[in-house]
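Remarks on the overall topology
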Amino acid sequence: MQNQLASFLSQLLESPANQKGLDWLQKQIEKINNEGTPSKFFLAFSQASRYFKKEKLEHSVDQIHQAGELVPAFQPQFWDQLQVARTLLMLSYPQVKDPWFTTMNQLFETADMHEHQSLFAALPLMPFQEDLIPRAIDGLRTNISLVFDAIALNNPFPAKYFPEANWNQMVLKAIFMQRPLYRIQGLEERRNPALAAIARDFAHERWAAGREVMPEIWRLVAPFVNEEYFEDLKKALSTKDNLQENAALLTIRESAYSPAKKVLDAYSTQVAKLDMDAIAWESIGTEFQRTRV
Amino acid sequence: MYIDPHIHLVSRTTDDYEAMQKAGIVAVIEPAFWLGQPRTEVGSFKDYFSTLVGWERFRSSQFGIVHYCTMGLNSKEANNEALAEQVMELLPLYVGKEGVVAIGEIGYDDQTEAEDRFFRLQLELAKEVELPVLIHTPHRDKHKGTIRSMDVSEEHGLDPKMVIVDHNNEETVKEVLDRGYYAGFTIYPHTKMGSERMVEIVRQYGPERIIVNSAADWGISDPLAVPKTADLMRKSGIPEEHIKLVTYQNALTAFGQSGQMDEKDWLNASPLDQTKKLGGNSVLRGGQTPRVEGSSDFVEN
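Residues numbered from 1 in each chain as written. Chains lettered and ligands numbered in written order. Predicted model: local features only at pLDDT ≥ 70, side-chain atom pairs only at ≥ 80, totals over all residues.

1. Some remarks on the overall build of chain B
As a reminder of what qualifies: Only DSSP runs of H or I reaching four residues or more are called helices, and only runs of E reaching two or more are called strands; each is numbered from the N terminus. Radius of gyration here uses only the C-alpha atoms, and the compact-globule reference equals 2.2 Å multiplied by the residue count raised to the power 0.38. Three classes are used. A residue is buried when 20 or more other C-beta atoms lie within 10 Å of its own, exposed when 12 or fewer do, and partly exposed in between, with C-beta atoms placed from the backbone. A pair of residues counts as a contact when their C-beta atoms, built from backbone coordinates, are separated by no more than 7 Å.
Counting its regular elements, chain B contains twelve helices and eight strands. Computed over its C-alpha atoms, the radius of gyration of chain B comes to 19 Å, within 12% of the 19 Å expected for a compact globule of 301 residues. Oriented by its inertia axes, the alpha-carbon framework of chain B measures out at about 60 × 50 × 35 Å. Taking all 301 residues of chain B together, the buried fraction comes to 46%. Summarising the internal contacts of chain B: among those between residues at least 6 apart in sequence, 73% fall at separations of at least 24.

Below is the structure:
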């Protein structure tokens, strides 16, 4: 697995324009792999920023498909070159549990912003994943959006491993930080009544303060719509804000709460224009990020 | 455009950052130093160093200012030798990080044996990782301490062009420049330089290898010392190209030798847009909107 991943990532990084960087990386990987000394690894991990840019990877559709086959829901299209290089260095460190954790803990504790970004985004590619759950949860305490995003967005790790309370805290913090919820993997599958209630409280707090509510929040409510939630959705509809309206209509369309269905008739033209659920939510999220955040 | 190549931002407020950005400061260098309260655990150093390459760097970016730092064990705390030894083991973890432009600020405080030992060890580290050195010269017995810093650095084979000797005054400047070092001047009320004296020094010695900074920290100091001194130089008839050298270019040239500081970092940065960068909650909490212009008598929602 480790080797397959490494060769896949090396392919992603291949670029005739940066032969110098690739040669450097190959040399470091061999050294780290053969000697297994933390100091060489730490230095190479830091200095990778001198050889690789924070530019998005060039990739083919095939490669994205291949990524998902290697690690379910792995999305390297959201990674930059530096992240791939650092992940290759990480994978080259001998995976013997105790020394591996000693070294990685030290690296996590002393990492700078972009090093943290690389490490947290690579959680789903790391060994000993179940023992890394506390590390991921701790990482979410950050207020550096770059680092938060590396864990919460386009990363299959939280949905796969987080207990419900931590999952809910992550989603709530993403809402609070106005991060695009549609980029949280497993968001729909891991909706739960507690999270829906948290979302609702948050919306009330925003309304009370005279502030706008992020429309994507209603997606969390859809499976649990009842009389109370329906009142909130009516309120969202009454804002005359197109994004809020679409979000409320999508929520009602998905919900099983029949008294709400008559609203769909009243908005039939608008409802007819709504896309499939996931696509529609993505476009609401994208539009909200583009115009309001 | 100005660079403040010596300022301890962990001690400064967001008002300072806003004022600095407005005054034209585009980049800052935060040297690792002591915090007023002596540290007793190596973990305190670790978290401080992490702050310099992590949170503070991020916080600065929120205000449109590019943040760099120097890494080192300061001379005061070198006197706690048991702790200092542990800090020396920690430093290699940080010196290669992005935005670390020098080893510093290191040198002498009371000029003790312990200070000398750790100064020398860090000069060797700087050579090994090919980073410039930022030397803190002592407040007390300054002249002797400054000369000694240069002597020791030459003994270790450092090229004077890779060394910035900081906190100079009228008594030290000539020898520092004559020996080929960069000479830093700190505009800091009472203990260091005033800006009028700085104008006279630039008039007398010219702009070559002279670098102005604020060293603003938790004491009574001024984060706008660099732009203010530049203004005073303008009023006093110092040529514009000399002002640019001492308040911008020389710092960039000296610390740029690290390979970690490039004009492109701020010239090509996207225009300041706090809301875009902030993602709703970081320095500004809970969807606060960044303050725009002028003062008002209400606090924004």
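2. Side note on the overall build of chain A
Along the backbone of chain A there are 17 helices and zero strands. Reported as C-alpha extents along the three principal axes, the dimensions of chain A are approximately 70 × 35 × 30 Å. Scored against the burial criterion, the 293 residues of chain A give a buried share of 40%. Sequence-distant contacts in chain A: of pairs separated by 6 or more residues, those separated by 24 or more amount to 72%.

3. Let's talk about the sheet that holds strand β7 (residues 182-186) of chain B
Residues and elements named next belong to chain B. Test applied: For two strands to count as paired, DSSP must find a minimum of two bridges between them. Orientation is described by lines fitted to C-alpha atoms, with helices fitted over the stretch in contact, and by angles between N-to-C directions that extend from 0 to 180 degrees.
Strand order across the open sheet formed by eight strands is β1-β2-β3-β4-β5-β6-β7-β8, with parallel pairing between neighbours. One side of each edge strand has no neighbouring strand; the edge strands of this open sheet are β1 (2-4) and β8 (210-213). Between one strand and the next, the sheet's axes are offset by a mean angle of 25°, whatever the strand orientation. Relative to strand β2 (residues 25-31), β1 runs parallel, the two being bridged by three bridges. From the neighbouring strand, Asp4 faces β2, where its bridge partner is Val28.

4. Description of the pairing of strand β4 (residues 100-107) of chain B
All names here are of chain B. Put simply, the test is: The handedness rule is simple: strands pointing away from the viewer, and a clockwise path from the first strand over the helix to the second, make the crossover right-handed.
For β4, the tally of buried residues reaches eight of eight residues, placing the bulk of the element in the interior. Alignment of strand β3 (residues 66-71) against β4, held across three bridges, turns out to be parallel. Each bridged residue has a counterpart across the sheet, and for Cys69 the counterpart in β4 is Val100. Pairing of β4 with strand β5 (residues 133-136), which is carried by three bridges, proceeds in the parallel orientation. Across the sheet, Ile106 pairs through a bridge with Ile135, a residue of β5. Remark: the β4/helix α5 (residues 113-129)/β5 crossover connection has right-handed handedness.

5. Some details on the packing of helix α2 (residues 19-35) of chain A against helix α5 (residues 81-92) of chain A
All names here are of chain A. Rules: In these notes the angle categories are as follows: under 35 degrees is roughly parallel, over 145 is roughly antiparallel, 65 to 115 is roughly perpendicular, and the rest is oblique. For any pair of crossing helices, the crossing counts as left-handed if the nearer helix is rotated counterclockwise from the farther one by less than a right angle, and right-handed if it is rotated clockwise. Each residue gets one of three labels, nonpolar for Ala, Val, Leu, Ile, Met, Phe, Trp, Tyr, Cys and Pro, charged for Asp, Glu, Lys and Arg, and polar for the others, Gly among them.
Where α2 meets α5, the closest approach of the two axes is 8 Å, and the angle between their N-to-C directions is 20°. Looking at the two axes, α2 sits roughly parallel to α5. Note that α2 runs across α5; the crossing there is right-handed. Residues Leu25, Gln28, Ile29, Ile32 and Asn33 of α2 form the contact with α5, whose participating residues are Ala85, Leu88, Leu89 and Ser92. Here the contact of α2 with α5 is composed, by residue class, of six nonpolar, three polar and no charged.

6. Let's talk about the environment of B:Asn80
Residues and elements named next belong to chain B. Following the sequence through the fold, Asn80 ends up in the loop between β3 and α4 (81-94). What makes Asn80 partly exposed here is the crowd of 16 C-beta atoms within 10 Å. Spatially, the C-alpha atom of Asn80 lies 15 Å from that of Leu121, the residues being 41 residues apart in sequence.

7. So, the UniProt feature "coiled-coil region" (unreviewed entry) in chain A
What counts, and what does not: UniProt positions are given in the numbering used here, feature names are shortened, and annotations may be inferred rather than shown by experiment.
If you check UniProt for "coiled-coil region" (unreviewed entry), the listed places come out as residues 226-253 of chain A in our numbering. Taken end to end, residues 226-253 of chain A comprises 82% helix and 0% strand; its first and last C-alpha atoms sit 13 Å apart.

8. Some words on the interface of chain B and chain A
Tallying the contact residues gives 22 residues for chain B and 23 residues for chain A. Contributing elements (two or more residues each) for the side of chain B that touches chain A: α2 (42-53), α3 (55-61) and α4 of chain B.

9. Considering the pairing of β8(B)
Residues and elements named next belong to chain B. Of the two faces of β8, the one lined by Ile210 and Val212 and the one lined by Ile211 and Asn213 are each fully buried. Both β7 and β8 contribute to a ladder of four bridges, which runs parallel. Residue pairing across strands places Ala183 opposite Ile210, the latter belonging to β8.

10. Topic: the nonpolar core
Quick note on the threshold: We define a nonpolar core as a collection of buried residues of the types Ala, Val, Leu, Ile, Met, Phe, Trp, Tyr and Cys that are connected via C-beta atoms lying within 7 Å of each other. Domain boundaries shown here were taken from an automatic or database domain assignment.
Formed by 156 residues in total, the largest nonpolar core has its most connected members in A:Ala85, A:Leu89, A:Val221, B:Ile103, B:Val133, B:Val165 and B:Ile211. Residue assignment places this core across two domains, with domain 1 (1-162) and domain 2 (165-293) of chain A each supplying three or more. Excluding residues within four positions of it along the chain, B:Ile103 makes contact with B:Thr70, B:Met71, B:Gly72, B:Val95, B:Gln122, B:Leu125, B:Ala126, B:Leu131 and B:Val133.

11. Quick notes on the domain arrangement of chain A
All names here are of chain A. The assigned domain composition of chain A is domain 1 (1-162) and domain 2 (165-293). Listed by contribution, the elements that provide at least two residues to the side of domain 1 that touches domain 2 are α9 (145-152) and α10 (157-161). Among the elements that take part in the side of domain 1 that touches domain 2, α9 stands out by supplying four residues, more than any other. Classifying every residue of the side of domain 1 that touches domain 2 by side-chain character gives ten nonpolar, three polar and one charged.

12. As for the packing of helix α11 (residues 164-176) of chain A against helix α12 (residues 193-208) of chain A
In helix packing, the relevant descriptors are the interaxial angle and the interaxial distance, both defined with respect to the helix axes. Residues and elements named next belong to chain A. Contact pair α11 / α12: the axes reach a minimum separation of 10 Å and the direction vectors enclose 25°. Taken together, the axes of α11 and α12 are roughly parallel relative to one another. For α11 against α12, the interelement crossing comes out right-handed. Together, Glu164, Asn168, Val171, Leu172 and Ile175 of α11 and Ala194, Leu195, Ile198 and Phe202 of α12 make up the contact between the two elements.

13. Side note on the confidence of the model for chain B
Residues and elements named next belong to chain B. Stated precisely, the cut-off is as follows: For every residue, the predictor assigns a confidence score, pLDDT, that lies between 0 and 100.
Looking at chain B as a whole, the pLDDT averages 91, with 90% of positions reaching at least 70. Every residue in residues 273-282 scores below 50 in pLDDT, and together they form 27 contacts with partners more than four places removed in sequence or on other chains. For this predicted complex, the interface confidence comes out at an ipTM of 0.83, alongside a pTM of 0.89.

14. Details of the environment of B:Glu124
Residue and element names in this part refer to chain B. With respect to the secondary-structure elements, Glu124 resides in helix α5. Its 13 C-beta neighbours within 10 Å are what place Glu124 among the partly exposed residues. The spacing of Glu124 and Arg179 is 55 residues in sequence and 20 Å in space, taken between C-alpha atoms.

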